[in-house]
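Coordinates in review
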Amino acid sequence: MAKEYREGRSGAGSGKSRDGKGTQKRTERELQPRAQRGAEKGAGSRSQGGAGKSFAPKNHAEVRRGTALKDQREVGRGTAPKDQRGARRDTSSRTRQEAGPREGRHKLCPVSARCGGCKWINIGYQEQLEAKADRFRRLMEPFCRPEPLIPMEKPAHYRNKVHAAFGEDRRHNAVSGIYEERSHRIVPVDSCLIENQKADEIIVSIRGLLKSFKIRPYNEDTGYGLLRHVLVRVGHATGEIMVVLVLSSPVMPSKNNFVKALRQLHPEITTIVVNVNDRDTSMVLGEREQVIYGRGYIEDRLCGMTFRLSPKSFYQINPAQTQKLYEKAMEYAELTGKETVLDAYCGTGTIGLIAAGKAKEVIGVELNRDAVRDAVSNAKRNGVSNIHFYQNDAGRLLLEMAEQSAKLDVLFMDPPRSGSDEAFLDAAAKIGPEKIIYISCSPETLVRDLEFLKKKGYKAKRCVAVDMFPYTESLEAVVMLSKKSGSSSGKGGERKR
Ligand code: SAH
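A quick note: this is a predicted structure, and the numbers were derived from the prediction, not measured. (Residues numbered from 1 in each chain as written. Predicted model: local features only at pLDDT ≥ 70, side-chain atom pairs only at ≥ 80, totals over all residues.)

**So, the pairing of strand β11 (residues 361–366)**
Remark: a regular strand shows side chains that alternate across the two faces of the sheet. Burial analysis of β11 places five of its six residues in the buried class, the great majority of the element. One ladder, built from five bridges, connects strand β10 (residues 340–344) with β11; its direction is parallel. Across the sheet, the residue bridging to A344 is V365, located in β11. Between the parallel pair β10 and β11, the chain is carried across by helix α10 (residues 350–356), and the sense of this crossover is right-handed. As defined by bridge partners, β11 adjoins strand β12 (residues 387–391) across five bridges and the pair is classed as parallel. Bridge assignment links V362 to a residue of β12, and that residue is I387. Of the crossover connections in this fold, the one passing from β11 over helix α11 (residues 369–381) to the parallel β12 is right-handed. (Buried ≥ 20, exposed ≤ 12 C-beta atoms within 10 Å, placed from the backbone. Helix = DSSP H or I, 4+ residues; strand = E, 2+ residues; numbered from the N terminus. Pairing = 2+ DSSP bridges. Right-handed = clockwise from strand over helix to strand, strands pointing away.)

Here it is as structure tokens:
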């Protein structure tokens, strides 16, 4: 088996295949302009049967069809209203109102068409849920009856990671917002229906400070100017806030005074990091970083564990729903404390760490070295000692385990949008864990992989979809498969709404 990863030292393993550059690359891709992200959609190793099909609710022909989300794990931003003079409006009250689809139509966000993030912005939440449940039921028909879809209680402002591009208008006034779909034009946005409100406020404040500090936004055409992007991450449970200023040069004038002024406006900010991106690139984050205030990272809590988020580390963008998703995964696993568990595609180790308290031992495997490093430090931070991480291709590690006749009771797998691959699934079936808990952000590739596992003798027993990304088509799901024969559990069965 590949050597176990130790902090400060590279682990063994290929580390080269697929998106092997890992979190850094992934994070950058996530932060690319929407158009760019779209271009990368579907870059899986196998074909994606049906991927990209739209499934807008019926009777809403005005909603643009045929456009699947660009990155299911990092859906685009929507935009909340901003009146003509740019003043902020109370989007939360509107959100409460929008239960009836008619009321919300064409009103919720004036720039949704240009942004392209929330394809379902004008559809009532109940209707969105029904459409998602319906789609999931149809996709899962050959395998198992879904349990009722898990909705979001307050389906607004759920994004805990907010990115704003900075530029200038014709009069050289600073503007901040989102890139227009398929372009590098900035659509000015002050507040957005799906973004964390505090993060939006901080971005507006930063824009307001620029003039007095003589900081000019970066101009992509001329290469002049300093501030390219601002990224804000908020700890959902802890309230900690990280601000990342992406600059074109490492020299920031009056850095300390800028920090002071921003902290005066927002004392809730716990850390500020300068990220230097001096390349002519559409990537948001550069390599170099300098912490100019606080610890350089924030922490958040999920399912009783504390996780460290640095500017580049991957973390689900809707923690409230992620908690529900992971709770379901744990419920399905029915761990008793005796099991050997594998967390495949483990990222920063979230699922494995949560499982570790209920299992004998856990192995995590992840291709991305930065993510593995975070996973190791997360294990330390939480005092978890029965977990070991490997930096490797998940399929390769599983194959090695199969060759060594390793024992495995429960396999958690949470692959990227392109799904898993045959090498992985084949090896998994050879090892033959009692249960496979498949967490998916792409129902199409999920179905493809379930088909494969079915042929290998695994049967889907329970499944549920979780609404992680309201106002978008995106669907997250968890499926429990077992080797044992028998009909699907009576606990399933979706209620008629
Ligand atoms: N389970 C984690 C991360 C899921 S995202 C969480 O919930 O936070 C999917 C992860 O799979 C990413 O971290 C990506 O780097 C990793 N990955 C992609 N291809 C892989 C492969 N072939 N082998 C191992 N990990 C891979």
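**Things to note about the site of the ligand**
Close to the ligand lie 22 residues, the nearest being Y345, G347, L367, A394 and D414. Breaking the shell around the ligand down by element, the ones donating at least two residues are α1 (22–30), α10 and β11. (Near = placed C-beta within 6 Å.)

**Things to note about the confidence of the model for the protein chain**
On average, residues of the protein chain score 81 in pLDDT, and 76% of them reach the 70 mark or higher. Note that residues 5–106 has pLDDT below 50 and, in this model, 218 contacts with residues that lie over four places away or in other chains. Note on residues 486–497: pLDDT is under 50 here. Beyond four places in sequence and across chains, it has 21 contacts. (pLDDT = per-residue confidence, 0-100. Contact = placed C-beta atoms within 7 Å.)

**Observations concerning unusual backbone geometry**
A negative phi angle is the norm for most residues apart from glycine, just as the trans form is the norm for most peptide bonds. A positive phi angle, near 50°, is found at S405, a position not held by glycine. S405 gets classed as exposed once you count the C-beta atoms within 10 Å, which come to 8.

**Some details on the nonpolar core**
Residues V232, F412 and I437 are the most contacted members of the largest nonpolar core, which totals 133 residues. Residues within four places of F412 in sequence aside, it is in contact with A329, V341, L342, D343, A344, I351, A355 and I437. (Core = buried A, V, L, I, M, F, W, Y, C linked by C-beta atoms within 7 Å.)

**Notes on the environment of K198**
For K198, the location among the structural elements is in helix α7 (residues 197–209). When the C-alpha atoms of K198 and R233 are compared, they prove to be 10.0 Å apart, with 35 residues separating the residues in sequence.

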